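# Structural description and commentary
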Amino acid sequence: MKLLKRLTRLGSITEVSNGRTQSSSELCSNIEMRVIQFKKQGLKPNDRVLLHYGNSIEFFIDLLALWSAGAGAVPLDTRNRLNLATQPQANFEIQEAHGPLVPLSFDSKVEYNGAHLVLYSSGSTASPKTIIHNLAALENKISTFEKIFPNDEFMRSLCILPTHFGHGLIGNSLFPLLTGQHLFIAPAFDFKGIFLLAALVDQYKITFLSSVPSVWRILEGQTGPSLGSLKRIHCASAPFTGDLYDKIIKWAPSAKIFNVYGTTELASWISGYEIRSTADEAYVGSGWDVEFKLTDEDTNGQGRVWARLLKTENNESWQDTSDLGSLDPRKGLKLFGRADDIINNGGLKVHPDVVEKYLLQHSAIVSACVFSLPHSITGESVAAAVVLKNKIQIETHQLENWCRQHLESFQIPTRWFILNDLPINSRGKVSRHSLREFCLAIKENV
C-alpha cells in the first residue's frame with residue numbers, strides 16, 4: 001500500500017511536555033517490534049483495535065504498527081461517554097501506551113477488508129457517527145496536501161489538538177510525519193500548555209501550528225512568540241469570526257492565517273482560504289482537490305453545501321456536509337453555519353452564527369453561543385448563553401437593547417443565560433445540543 005511505503009521517509013517526533021524525541025530510524029525500529037508483538041498476541045489482518053490513548057510517540061508507533069499488520073485502528077476520546085457508548089465492535093483494545101492487546105468479546109463475522117482508520121464525527125448537533133477510511137483514501141489526502149502546501153511551512157509542525165479526530169490526526173500530524181517532517185506533539189488542549197504556547201513555538205522554532213477558535217480566545221491578551229519562526233497557522237473545526245483574525249495576527253504577525261474547512265467523512269481538511277482582513281472571515285476557499293456545489297439555494301444565493309473528492313473512482317459520490325454557504329467565483333465557499341442549527345422563529349429563519357458574531361462585538365462578552373428553545377407560539381425562540389469579561393455585571397435587558405442596534409427583531413435573543421464558561425468538547429467545539437440541555441436544566445437569567 002502506498003501509504004505504508006511512506007514509512008521509508010518517516011519524520012521524527014518530539015513530545016514537548018518532556019522533550020523526549022524519537023528519530024525516523026528509532027520510530028521505524030519500534031514499529032517493526034510492535035508488529036511482532038501484536039502478531040504474537042493474536043492480531044490478524046482485518047482485526048480492529050481500540051486505542052484508549054493519544055498525543056504521544058507510542059500512539060503513532062502503535063497506529064502505524066497496526067496498519068503495517070493489516071489491521072484497523074480506532075482512536076478513542078475516553079473523556080466522551082457518548083463516544084465510548086457508541087464505539088464500534090472490535091477484536092482488541094490497548095488501554096494505555098506500551099500496553100498489550102486485550103481481547104474483546106466479538107461475535108460478528110464481518111471482516112473489515114484490510115488496514116483502516118475509524119474516526120468519529122464531532123457529535124456537536126447529534127450522536128457521533130463512525131467513519132471508516134482505508135489507507136488508499138488517507139494516501140490520497142496526504143498526497144493532495146503534499147502537492148498543495150509549501151514544504152518549508154510544515155518542517156516543524158506542532159499539534160496541540162487531540163489525535164482522535166481528523167483535524168488533529170490526519171492534517172496536523174500524519175501529513176507532516178509521513179512526508180519526512182518533524183512533528184512536535186503536545187497534550188491535547190492542555191490549558192497550562194496553551195498559556196506556554198508562545199514559549200514552545202520559540203523553543204522548538206515551530207513553523208506550522210494548527211488550532212481551533214477557542215485557543216485564540218484563551219490566548220487573548222497574551223504575548224506571542226518573539227523569533228518569527230511561525231510561517232502558517234490553520235484555524236478550523238468551528239466558525240472563524242473577524243475578531244479571531246485580529247487576535248491571531250497580533251499574536252503571530254509572521255504567519256499566514258488560513259480559515260480551514262474539513263469534514264470527518266472526507267478525512268480532515270478539504271479547503272482553506274488565507275485570511276488577510278476581517279472581511280474574509282467566513283471564506284474557506286475553492287477546495288483542495290475537492291469540488292463544492294449548493295442545493296436548495298434561496299434568493300440570496302445561500303444553500304446547502306455538498307462536497308466531493310476529485311481523486312476517487314466514483315466522482316459522483318457527493319457528500320452532504322449539512323453546512324450552509326454560498327459560492328463566490330473569486331474567494332470560493334463562504335460558510336453561514338449548520339443547517340441543523342437554524343432557528344425557526346415563527347417562520348423566520350435565524351442563523352445562530354450571525355447572532356453570535358454580533359454578540360462577540362460587545363465589549364462585555366468574551367464568548368457566546370446561540371441556540372433554540374421551544375416556544376408555545378412561535379415554535380422556537382432564540383436563546384443565548386454568554387460569558388462576560390472580568391466578571392462584568394450587566395443586565396440582560398441591556399444586552400437586548402444593544403442587539404437592537406445590530407440585529408433584526410426576530411434575531412434578538414429573548415432568553416439569556418449568563419455562565420462562567422461555555423462547555424467545550426475535546427475538539428474545542430461548543431455543542432449546541434449539550435448546551436441547550438444544560439440551560440434547560442438550570443434557572444435562566446431573566
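Bear in mind the structure is a predicted one, so any value in this text is a computation, not a measurement.

Examined against the element boundaries, tyrosine 358 turns out to sit in helix α11 (residues 352-359). Taking the relative accessible area as the measure of exposure, tyrosine 358 reaches 25% and is therefore partly exposed. Not counting chain neighbours up to four residues away, the residues in contact with tyrosine 358 comprise Trp402, His406 and Leu407.

On to the packing of aromatic side chains. A full pass over the atoms with the stated rule returns 18 aromatic pairs. Each ring, one from phenylalanine 149 and one from tryptophan 269, has its centre 6.1 Å from the other, and the planes form 65 degrees; the classification is edge-to-face. Placement of phenylalanine 149 in the loop between α5 (135-148) and β9 (156-159) and of tryptophan 269 in strand β14 (residues 268-275) is noted, with a sequence separation of 120 residues between them. Each member of the pair, phenylalanine 149 as well as tryptophan 269, carries the same accessibility label: buried.

This part is about the packing of helix α3 (residues 57-68) against helix α6 (residues 166-177). Close contact between α3 and α6 brings their axes to 13 Å; oriented N to C, the two are set at 80 degrees. For the element pair α3 / α6, the angle class is roughly perpendicular. Mapping the contact onto sequence places Phe59, Phe60, Leu63 and Trp67 in α3 and Leu169, Ser173, Leu174 and Leu177 in α6. Residue composition of the contact of α3 with α6, grouped by class: 7 nonpolar, 1 polar and no charged.

Once that is clear, we can look at the environment of histidine 375. Position of histidine 375 among the secondary structure elements: in strand β22 (residues 365-375). Separated by 40 residues in the primary sequence, histidine 375 and leucine 335 place their C-alpha atoms 28 Å from one another. Leaving out residues up to four positions away in the same chain, histidine 375 has contacts with Glu380 and Ser381. Here the side chain of histidine 375 touches threonine 378 through a polar contact of 3.1 Å, landing on its backbone nitrogen.

Here we have 6 strands laid out as an open sheet, ordered β6-β5-β3-β4-β7-β8, and mixed in their pairing. Strands at the two margins of the open sheet, each flanked by one partner only, are β6 (102-103) and β8 (130-134). Relative to β6, strand β5 (residues 92-94) runs antiparallel, the two being bridged by 2 bridges. Bridging from a neighbouring strand, phenylalanine 92 pairs with proline 103 of β6. Across the sheet, α3 lies against β3 (48-51), β4 (72-75), β5 and β7 (116-120), angled at about 150 degrees from β4, the strand it touches most. Taken strand by strand, α5 contacts β7 and β8, and its axis lies near 80 degrees from that of β8.

Let us look at α3. Given a rise of 1.5 Å per residue, 12 residues ought to cover 16 Å, and the 17 Å separating the end C-alpha atoms of α3 matches this to within 8%. Across the 12 residues that make up α3, a large majority, 11, are buried. Taken together, the buried positions of α3 are Ile57, Glu58, Phe59, Phe60, Ile61, Asp62, Leu63, Leu64, Ala65, Leu66 and Trp67. One or two steps after α3, the chain reaches glycine 70, where phi turns positive at roughly 80 degrees.

Attention now moves to the sheet that holds strand β12 (residues 232-235). Read across the sheet, 8 strands follow the order β2-β1-β10-β9-β11-β12-β13-β14 without closing on themselves; strand pairing throughout is mixed. Each edge of the sheet is formed by a strand with only one pairing partner; in this case those strands are β2 (21-22) and β14. With 4 bridges joining them, β12 and strand β13 (residues 256-263) adopt parallel strand pairing. Its bridge partner being in β13, histidine 234 is matched across the sheet by phenylalanine 258.

Take the confidence of the model for the protein chain next. It should be kept in mind that the predicted coordinates are not to be read in detail where pLDDT is low. In this model, the protein chain carries an average pLDDT of 89, and 92% of its residues clear a pLDDT of 70 or more. Of the regions scoring below 50 in pLDDT, residues 81-85 engages in 9 contacts with residues more than four places distant in sequence or in other chains.

Turning next to the environment of leucine 196. You can see leucine 196 is positioned in the loop between α7 (191-195) and α8 (197-204). Distance from leucine 196 to leucine 135, taken between C-alpha atoms, is 35 Å for residues 61 residues apart in sequence.

Before going further, it helps to examine the packing of helix α2 (residues 24-40) against α3. α3 packs onto α2 with a crossing angle of 60 degrees between their chain directions and a minimal axis gap of 8 Å. By the angle between their directions, the pair α2 and α3 is classed as oblique. The chirality of how α2 crosses α3 is right-handed. From α2, Leu27, Asn30, Ile31, Arg34, Val35 and Phe38 reach across to α3, where they touch Ile57, Ile61, Asp62, Leu64, Ala65, Leu66 and Ser68. The class makeup of the residues in the contact of α2 with α3 is 9 nonpolar, 2 polar and 2 charged.

Now for unusual backbone geometry. For serine 268, which is not a glycine, the phi torsion comes out positive at approximately 85 degrees. Along the chain, the position of serine 268 falls in strand β14. Under the relative-accessibility criterion, serine 268 is labelled buried at 5%. Of note, the phi angle at aspartate 289 is positive, near 55 degrees, even though the residue is not glycine.

Let's shift gears to the pairing of β9. Pairing geometry for β9 and strand β10 (residues 182-185), over 4 bridges, is parallel. Paired with arginine 156 across the strands is histidine 182, a residue of β10. The pairing of β9 with strand β11 (residues 208-211) spans 3 bridges and is classified as parallel. Bridged to serine 157 within β11 is phenylalanine 208.

It helps to recall that an α-helix has 3.6 residues per turn; residues three or four apart then point in one direction. Of all the positions in helix α13 (residues 432-440), only Arg432, Leu435, Arg436 and Cys439 are classed as buried. Around the axis of α13, the buried residues are gathered within 105 degrees of arc, so they sit on the same side. On its buried face, α13 sits against α11, β22, β23 (379-388) and β24 (415-419).

Definitions and cut-offs
- Residues numbered from 1 in each chain as written.
- Predicted model: local features only at pLDDT ≥ 70, side-chain atom pairs only at ≥ 80, totals over all residues.
- Heavy atoms only, no water.
- Helix = DSSP H or I, 4+ residues; strand = E, 2+ residues; numbered from the N terminus.
- Buried < 20%, exposed > 50% of the residue type's maximum accessible area, 1.4 Å probe, protein only.
- Contact = heavy atoms within 4.5 Å.
- Phe/Tyr/Trp six-rings, centres within 6.5 Å; stacked < 30°, edge-to-face > 60°.
- Axes fitted to C-alpha atoms, helices over the stretch in contact; angles between N-to-C directions.
- Parallel < 35°, antiparallel > 145°, perpendicular 65-115°, else oblique.
- Nonpolar A, V, L, I, M, F, W, Y, C, P; charged D, E, K, R; others polar.
- Polar contact = N/O pair within 3.5 Å; in protein donor to acceptor, adjacent residues only side chain to side chain.
- Pairing = 2+ DSSP bridges.
- Expected span 1.5 Å × (residues − 1).
- pLDDT = per-residue confidence, 0-100.
- Left-handed = near helix turned anticlockwise from the far one by under 90°.
- Arc of directions from axis to C-beta.

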